Amino acid sequence: MKSHAELMCSLADKHDVLISLIGAAPVHYVDVPVHRNIGDLLIMLGTLHFFELHKLKISLRSAYFSYRSSWARAGDVIVFQGGGNFGDLYEGPQQARQYVIEKLSGNRVIILPQTIHFRSQDAYIECCKIFSMHPDLHICVRDRKSLELALPMSRNVYLLPDMAHQLWPIPRSCSLEKHHLALLRADAESAGANVTNFDVRTDWRELVGCRNTWIRMIRGVLRALHVTHLDRRLLFNEVDLWVKYSTKLVGEAIDLFSRFEVITTDRLHAHILSCLMGIPNTILNNSYGKNCSYVSEWTGSSNIVNFSIEKGIPAPQDYCLAPNI
């Protein structure tokens, strides 16, 4: 059995397939997350670190709502942020992906590791129809159920871990103070897990707190620049500032985790951050089984990871639509 450190290194190494897919082409990095979800910010920072480490050229960074397909030139590679917004659970990013993929049939398009989840069979079928028409679409997925769902969409599907693994290792930033942190969801993905005997209970939104007003203002500025068409040069500057601010927010999450000996969570990226920091952790399932699928595939063999399926929380197959087109 691999040690935890060996496992983490091997997961980061699996992304090397992306180096040849991108090559020396200019990259349009689309769906930069401009919101308070620390998990998505970890994915973004891991992705940017990967680009920098391998000297891949990013010529444009954009939120999903401010990207224009007319900016793409022949030879540009469109790379979409990874995460868990592939499907119809969240409004916006999926529609943007489908629009760009339909418009830019002459460009290589890469979707970085995602979990796929559709509640509507009609929405899934529509996505398959649009994606399968693209001749050079490459879809990366984080679990085997998503792999099954992606196969009708493209001939190029890759099973890869989350891009946040590129941040390994992350050292503790301060001294231990308490024993047990419970970081638990309070949104649509919560499965209502019951956790006791913790010293502190929180979630990403509490960590960000009132600064979410500032984050919403940044989103508003980016949307306004997009609507007024005065956006390309200013957009780049705004996104650069946001990346710097995101780094600060992630740093605060690292500071929080550093204070605790063990962590219990139903957020996938609280689990991944714990693994990146070498902190023993218990991961609970989310509402549609994303966490179970991910841990079973990638991190479950670590000696610092404990996976617990709470009573009444279905396994992932109960929440995924089988391909039927």
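Visitor: Got a sec to walk through the packing of aromatic side chains? Specific residues and values, please.
Guide: Using the criterion set out here, one finds 9 aromatic pairs in the structure. Within the aromatic cluster, the residues linked to one another by ring pairs are F86, F118, Y124 and F131.

Visitor: For the pattern of salt bridges, give the residues involved together with the corresponding values.
Guide: It is possible for side chains of opposite charge to pair when their charged atoms get near one another. Taken as a whole and judged by the stated rule, the model has 13 salt bridges. For E148, the salt bridge goes to K145, with nearest N and O atoms at 3.4 Å. Highlighted residues: E148 and K145, both in helix α6 (residues 144–150), separated by 3 residues, approximately one helical turn. Look at E148 and you get partly exposed, because its relative accessible area is 39%. Judged by relative accessible area, K145 falls into the partly exposed class, the value being 22%. A salt bridge links E189 to R185; its shortest N-O distance comes to 3.4 Å. Residue classification places E189 among the buried positions, given a relative accessible area of 2%.

Visitor: Before we move on, could you go through the sheet that holds strand β10 (residues 260–265) and cite the residues and values that matter?
Guide: Spatially, 5 strands are ordered β9-β8-β10-β11-β12 in an open sheet, and the strand pairing comes out parallel. A strand with exactly one partner marks an edge of an open sheet, and here the two such strands are β9 (200–202) and β12 (305–308). For this sheet, the mean angle separating the axes of adjacent strands, direction not counted, is 20°. In the packing of helix α10 (residues 268–277) onto the sheet, the strands contacted are β8 (178–183), β10, β11 (281–284) and β12, and the crossing angle to β11 comes to about 160°. Across the sheet, helix α11 (residues 290–299) lies against β11 and β12, angled at about 145° from β12, the strand it touches most.

Visitor: How would you summarise α11 if you had to cite specific residues and measurements?
Guide: Where burial is concerned, most of α11 is hidden: 8 out of the 10 residues are buried. If you check which residues of α11 are buried, you get K290, N291, C292, S293, Y294, V295, W298 and T299. Structurally, α11 contributes buried residues whose contacts are with α1 (4–13), β5 (108–117), β7 (156–159), α10, β11 and β12.

Visitor: Quick rundown of the packing of helix α4 (residues 93–103) against helix α5 (residues 121–132)? Include the residues and the values.
Guide: Orientation of α4 relative to α5, taken along the N-to-C sense of each, is 30°, at an axis distance of 9 Å. Between α4 and α5, the crossing angle belongs to the class labelled roughly parallel. Of the two elements, α4 crosses α5, and the hand of that crossing is left-handed. Between α4 and α5, the contacting residues are Q94, R97, Q98, I101 and E102 on the first element and C127, I130 and F131 on the second. Among the residues making up the contact of α4 with α5, the classes are represented as 4 nonpolar, 2 polar and 2 charged.

Visitor: An account of the pairing of β10 is requested, with residue identities and associated values reported.
Guide: Side-chain direction in a regular strand flips from residue to residue, so the side chains alternate between the two faces of the sheet. As defined by bridge partners, β8 adjoins β10 across 5 bridges and the pair is classed as parallel. In the strand pairing of β10, L183 is matched with T265. Across 3 bridges, the pairing between β10 and β11 is parallel. Residue pairing for β11: T265 is matched across the bridge by I283. With respect to chirality, the unit in which β10 leads through α10 into the neighbouring parallel β11 is right-handed.

Visitor: Explain the environment of A193 to me, and be specific about the residues and the numbers.
Guide: Inspection of the secondary structure assignment puts A193 in the loop between β8 and β9. Linking A193 and T265, residues 72 residues apart in sequence, is a C-alpha distance of 9.1 Å.

Visitor: Can you lay out the nonpolar core for me, pointing to particular residues and giving the numbers?
Guide: Counting 70 residues, the largest nonpolar core has L18, I38, F51, I110, W242 and F257 as its most contacted members. Ranked by residue count, the leading element in this core is helix α9 (residues 232–258), at 10 residues. Residues V30, I101, V109 and V141 belong to the second largest nonpolar core, which totals 27 residues.

Here is what the cut-offs are and how they apply
- Residues numbered from 1 in each chain as written.
- Predicted model: local features only at pLDDT ≥ 70, side-chain atom pairs only at ≥ 80, totals over all residues.
- Heavy atoms only, no water.
- Phe/Tyr/Trp six-rings, centres within 6.5 Å; stacked < 30°, edge-to-face > 60°.
- Salt bridge = Lys/Arg side-chain N within 4 Å of Asp/Glu carboxyl O.
- Helix = DSSP H or I, 4+ residues; strand = E, 2+ residues; numbered from the N terminus.
- Buried < 20%, exposed > 50% of the residue type's maximum accessible area, 1.4 Å probe, protein only.
- Pairing = 2+ DSSP bridges.
- Axes fitted to C-alpha atoms, helices over the stretch in contact; angles between N-to-C directions.
- Contact = heavy atoms within 4.5 Å.
- Parallel < 35°, antiparallel > 145°, perpendicular 65-115°, else oblique.
- Left-handed = near helix turned anticlockwise from the far one by under 90°.
- Nonpolar A, V, L, I, M, F, W, Y, C, P; charged D, E, K, R; others polar.
- Right-handed = clockwise from strand over helix to strand, strands pointing away.
- Core = buried A, V, L, I, M, F, W, Y, C linked by side-chain atoms within 4.5 Å.

What is shown is where atoms sit, not what they do.
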